[in-house]
Each structure stands twice: as structure tokens, then as C-alpha cells.
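A look at the structure
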Amino acid sequence: MNKNKEMMLKQRVMQLAQQKKYPEARDVALSLVQVLPKDIEVWFALAQIQERLGEFESAVRSYYQVCQGPSPRYEMALEKAVFLCREHKFISLGISPARALIKLKPNSSQAYFYLGFFWFEARHYLAAEPYLVKAAEMAPDDALFQLYCGQLYTFIAQPEKAIVYYERCQKLNPDDHDAFVSNVMTHNYACEISDELIFQVHKSFGEKIELACLSDDGEATEYSSRPNRLKIAYISADFRTHSVAYFFKAMIESYSKDKYELVCYSDVEKPDSVTEYFKSLSDYWLDSYKMTDEELYQQVRADGVDILVDLAGYAGSIRLGVFARRAAPVQVTYLGYPNTTGLLAMDYRITDELSDPKGQTEALHTEALKRLPGGFLCFTPSGNSPDVSPLPALMSDSGGVCFGSFNSFSKLSMRLLNLWVKVLLAVPNSTLFIKSKPLAEEALCEWVWGVFEEGGVDRARVALKGWESEVSSHLEQYSKVDIHLDSYPYNGTTTICESLWQGVPVISLVGSSHRSRVGLSILSQVGLDSYVAHNEQEYVNIAVDKAANVGELRVLRAGLREKMRSSSLLDHSRFVGELEAVYEQMWAEKNLN
């Protein structure tokens, strides 16, 4: 292209852009960069036009082209590329310009944060760690940097470190709701923090929520006599393909329609087939995702709800602000969270005798505890569960059993990993298969293998795998496992039930509070008390004993699904009857008071 034509086309780009004819300007600019691939000014103009058109990914690529050589536009183009990648979640695309930004601005805490952010969002947590920590050190007064460090350490099962950062964030920004919620939730993962202190953290934040929600509306309406149908409402963001749904299904399928009206306030952001199914079964359904706590509170009051049930606690999308305002005469927390809400306005928490023994955990709750006699859970297995597979140990060349863990990585405390080292050392020829989402990162796998090697276990005995997106694919992985190992101190719930449904028994270590007693509750419901350990040595002894009897494992595996079907864990009628009896007790007690 000759110089005159080149100049004419460049002027044409500028004229069209000034006239806000951005599509035409973009097309001319694209034709120019084809013949002038090293022209920085044209790339910069193209990037700006693409940004105007909302073609943000293309704009990032064009801005980055500006950065391929020396240019007065270099710094601005690099910052634009990084900013757009963060703003629009172009995670993998943001890593290279973020790296370049650190080279350009080695004293910029924001530059380090950007690269840490992109690695974090890509779930490469160990890759993110040095950059996020560096940003937090360089800018100790930046609450956001502290928050991200906290979240990172939560995800890689270092809760005590995470809590330090959350507390820093809270001091810097007392109104940062996310920091408080994450801090409270993360305490459930910590081995080295007492149950009493964990309760105080919950109670303190509960008081903070209630102080912010003081209302002049007066108490929610109470009735002097029971209405013909009690209106029971559930609030959850998990009316979808989610762990909570496996347990809510019994409640919505089997409730007594002549005595109760079932209401669902759905905070689901992306509905799916499970959402639609629950919607079809409810008496009244409201999509509440976009409503504020105040708006939902007013809606609940207007709907005349008698018993309002929280299914989230501090897990995920929380709605405790609705309860703090006293939206209903009777307020209950259940199912989605292993601890107290810390709210004085939350009247009851539903549990059972094994998870919360009488006289042992009342002092750790602001709520009164209501215990279901047959167990506080009722599981409904996935409809597309694969068949139970043969026992892997029978097909192993070494004859050794394979232990497994499919729990959230956040639940795999260092104490637990060291306990698993003892199990593998005590059971010759055994292997361990850990499957969890963050293990898609090679660096994290190396860290986990390092823990086992330091304890004297060859890494070849420990298989690590990332996440399975499909439920059926996830459940098929149990075909590789003979015995599942529960997490501690925060036990599994859905994972235990799924494992048992696939014929795989679970060894669980019991602690002193609900978070570490759910395994005991579930295993007792299906008659597997012999898999429950009350101390670490007993845990190892159970592993040794069960692994030595492959014949018993084979028989148990073949019959475990039927054993579950006939247990209280899958008995909808038992569960709903007990749950409704508890609701009646709650209603009567509140009216007596």
C-alpha cells in the first residue's frame, strides 16, 4: 500500500469514529492492520473502536498488539487490556498482559493483584498466591487485596491463614459483607479453633446483621389459633442442581398438602430442570433473586408466612437479613449449613440427637434445637446414578484396597491429610484417590503429593483428579474406590450419601460439634456404626480392619444400595412425618410464649 492511500484510510478511520459510525470505522481499521500489522496507532484506534462497539475481547487483543513493541501508547494500552479482562472475566486472556504490567510497574500493588486475580479465577490457587500476597503486603490498607488472600487460603484448606486476612479486611472495611460471611464460613474448616470461639464469631456477626436490620414495622403477625393450613416458606439459592436439592426433594414431594401450604422464595440465578421441577410442586413460587433483603422481608410479611425456613446459613447466597428483620412468627434454619446463624431472631435449628447430643451443643447456638428422632436428613439419589460397580480390590493386581475422598478441597485439613498418611502406612499395598475441583492445578497436586512423601508415602500411591462437571461422570468415579474417607473437622453430607449409594462405605471421624458429627448421623441411619471413629487411632484401626476383609467389602458393596433404600435415610414418609411434627411443636411453642 502506498503512503497516500495509507494516510487516506487512516484519516477515514478517524472521520468515521468522530461521526460515531463505529462499525464502518472498525471495518476500515481491520483492513488497515492486515497490511500494516506493526502500525501501533492503527491497532490502538481499532481497540478503542472495538471497545465502543462492546467487542471487548477483540478490543483486548488489539490493545495487546499495541504492546508488542515500544510505543508512547504502551502503558495505556496495557492497562486497558488488563482492566477489560478483569471487568469482563476474560481470565486466560488477562494473564499475559497482567504479567507485562508487573514488568512495567514493579512497584504497583495493583499490577500484582491483577495477575493474582486472573490465576485465582482460573482456579490456579498456588500460582495466584505469591501475587495476591505481594499485593496485600504492598498495600496493607487495601481491603480487597486482603479479602482475596482470605478466599485463596480458604479454597486451599488453610483456614487459619484465611481468617487472618478476613479479619484485616473487616477492620479496613467494616461494611464489607463478603469478608464477614467468608470469615464466619471459614471457621467451620478450622481444626485449631475451639467450638466456643467459633460460636462467638457467629454470634458477633449475627448481632451485626440484626443491628443493621432494626425495623419499626413491629412483630410479624402471630395467630391465636392454628390456621387450617400452616404456610411454610423456604428461602434458598439452591433450588437447582445442587447438594441441597438432594435433601429438599423429600420435603417438597411428600408434605401433607391438606395441612400445609408450601412456599418457595427462589434466589436461583440460573434456573435449570430441577428448579422447574420444584416450582411445579410448590403451592406458591417467587423468583426472589433480584430482590433486596428489605424487599423480600416485606414480601414474606405480605404473604402471611407462618414458618419461614432458611436453607443457607452462611453458605453461598445468604438471606439472614430477612430473618433479622423478623419476617415471620416462627423462623427456622435447616439443612444447608453446619452451625448456628448467631441470630437472636432465628427461633429454631433442626438437627438430631447424634449430630447435636442433648446437653452438649445447646450453648453453641442462639437457636433452640429441634431434633428429628430418625435423623435430620433424608436423601434422594440422583435419577441417573450409574449401577454399583464390582469391588475394585478384587480386580487390583496388587490386591490392595483403594481409599477415596471426593469432598470439597476446603474440607481437607492438614490434620486430616496427616491422618491419611497414617492410614496408607498402616495398610500395605493400599492407594488413595482424591478428587476435588482445585486439583486441576498441577502445582497444588505437587503440594499434596509433598505432604504424603514427607510422611513416607510414595506419591505413586496417591492419585489426584480435578472436578467432574456431570453428576453421572462424578458418580462413576466411585467405581475406583473401595472405602471412602470422610473429611474432618467439617464432615461431608452429600458426598457421604453419594458414596454409600454407589456401594462405597465411609469412615468418618467424630468431633464435639455438629460440623464433625454429620458423618456419625448418616452412617448410623444406614447401620454402618462400625465405620465411625471417635479418635484418630480408632480411625486408622477401622481402616486397617475393613481393608483386611475384602470379602466383607464385596458383600457390603453389593447390598449397600438396598440397605440404604430400607433405611431411615431414604424414608420420605418417616422424615416428613417427623419434620411436620416439629413444625407443629414450633408453632405451638411460639403461640404459648
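Structure: above.
Residues numbered from 1 in each chain as written. Predicted model: local features only at pLDDT ≥ 70, side-chain atom pairs only at ≥ 80, totals over all residues. Heavy atoms only, no water.

When you tally the buried positions in strand β9 (residues 431-435), you get four out of five residues, the bulk of the element. Pairing geometry for strand β8 (residues 402-405) and β9, over four bridges, is parallel. If you follow Ser-405 over to β9, its bridge partner there is Ile-434. The parallel pair β8 and β9, bridged by helix α18 (residues 414-426), forms a crossover whose chirality is right-handed. Summarising the sheet, β9 and strand β10 (residues 462-465) pair through four bridges and their orientation is parallel. Residue Leu-432 lies in a different strand from β10, and its bridge partner there is Val-462. In terms of handedness, the path from β9 via helix α19 (residues 442-454) over to β10 forms a crossover that is right-handed. (Buried < 20%, exposed > 50% of the residue type's maximum accessible area, 1.4 Å probe, protein only. Helix = DSSP H or I, 4+ residues; strand = E, 2+ residues; numbered from the N terminus. Pairing = 2+ DSSP bridges. Right-handed = clockwise from strand over helix to strand, strands pointing away.)

Quantified by volume, the second largest pocket comes out at close to 350 Å³. Every residue lining the second largest pocket is counted, 16 residues in all, and those nearest its centre are Val-13, Met-14, Glu-41, Ala-45 and Gln-48. Broken down by secondary-structure element, the contributors of at least two residues to the lining of the second largest pocket are α1 (3-18), α2 (22-35) and α3 (40-52). Here the lining of the second largest pocket gets seven residues from one element, more than from any other, and that element is α3. Along the lines of polarity and charge, the residues of the lining of the second largest pocket split into 10 nonpolar, two polar and four charged. (1 Å grid on protein atoms, 1.4 Å probe; cavity = no way out; pocket = protein on both sides within 12 Å on 5 of 7 lines; lining within 4 Å. Points joined across faces, edges and corners; volume = space filled by probe spheres on them. Nonpolar A, V, L, I, M, F, W, Y, C, P; charged D, E, K, R; others polar.)

A complete count under the given rule lists 28 aromatic pairs for this structure. Summarising the aromatic geometry, the rings of Phe-113 and Tyr-114 are spaced 6.5 Å apart at their centres and angled 45° between planes, so their arrangement reads as tilted. Tyr-114 shares its class with Phe-113; the two are buried. Ring centres of Tyr-125 and Phe-155 lie 5.4 Å apart, and the angle between their planes is 45°; this geometry places the pair in the tilted category. Taken together, the positions of Tyr-125 in helix α8 (residues 125-138) and Phe-155 in helix α9 (residues 143-155) put the pair 30 residues apart, joining distant regions of the chain. Since its relative accessible area comes to 6%, Tyr-125 is described here as buried. Through a chain of ring-to-ring contacts, three or more aromatic side chains come together here, namely Phe-113, Tyr-114, Phe-117, Phe-118, Phe-120, Tyr-125, Phe-145, Tyr-148 and Phe-155. Against the face of Tyr-255 rests Lys-257, its NZ or CZ located 4.5 Å from the ring centre. Over the ring of Tyr-490 we find Lys-411, and its NZ or CZ is 4.2 Å from the ring centre. (Phe/Tyr/Trp six-rings, centres within 6.5 Å; stacked < 30°, edge-to-face > 60°. Lys NZ or Arg CZ within 6 Å of the ring centre and 35° of its normal.)

Another aspect to go through is the side chain of Gln-146. Examined against the element boundaries, Gln-146 turns out to sit in helix α9. On the basis of relative accessible area, Gln-146 is assigned to the buried category, the value being 1%. Of the polar contacts made by the side chain of Gln-146, one reaches the backbone oxygen of Ala-136; its length is 3.4 Å. Gln-146 has contacts with Ala-136, Ala-139, Pro-140, Tyr-165, Arg-168, Cys-169 and Leu-172, leaving out every residue within four places of it along the chain. (Polar contact = N/O pair within 3.5 Å; in protein donor to acceptor, adjacent residues only side chain to side chain. Contact = heavy atoms within 4.5 Å.)

Formed by 166 residues in total, the largest nonpolar core has its most connected members in Tyr-234, Phe-403 and Phe-452. With nine residues, helix α7 (residues 109-121) is the largest single contributor of residues to this core. Those residues in contact with Tyr-234, other than ones at most four positions away along the chain, are Phe-239, Phe-248, Met-251, Leu-262, Val-263, Cys-264, Tyr-265, Val-309, Leu-311, Leu-579 and Tyr-583. Grouped together as the second largest cluster of nonpolar side chains are 32 residues, Tyr-189, Cys-213, Leu-308 and Leu-343 included. (Core = buried A, V, L, I, M, F, W, Y, C linked by side-chain atoms within 4.5 Å.)

In this section: the packing of α9 against helix α10 (residues 159-172). Interaxial distance between α9 and α10 falls to 7 Å at its minimum, and their mutual angle equals 160°. Relative to α10, α9 is oriented roughly antiparallel. Seen from above, α9 lies across α10 with left-handed handedness. Contact with α9, carried on its side by Ala-143, Gln-146, Leu-147, Cys-149, Gly-150, Gln-151, Tyr-153 and Thr-154, involves Pro-159, Lys-161, Ala-162, Tyr-165, Tyr-166, Arg-168, Cys-169 and Leu-172 of α10 and no other residues of that element. Its residues assigned to classes, the contact of α9 with α10 shows 10 nonpolar, four polar and two charged. (Axes fitted to C-alpha atoms, helices over the stretch in contact; angles between N-to-C directions. Parallel < 35°, antiparallel > 145°, perpendicular 65-115°, else oblique. Left-handed = near helix turned anticlockwise from the far one by under 90°.)

Since the α-helix packs 3.6 residues into each turn, any two residues three or four apart lie on the same face. The element helix α21 (residues 494-501) is largely enclosed, with a buried count of eight among its eight residues. Following α21 by one or two positions, Gly-503 has its phi on the positive side, about 85°.

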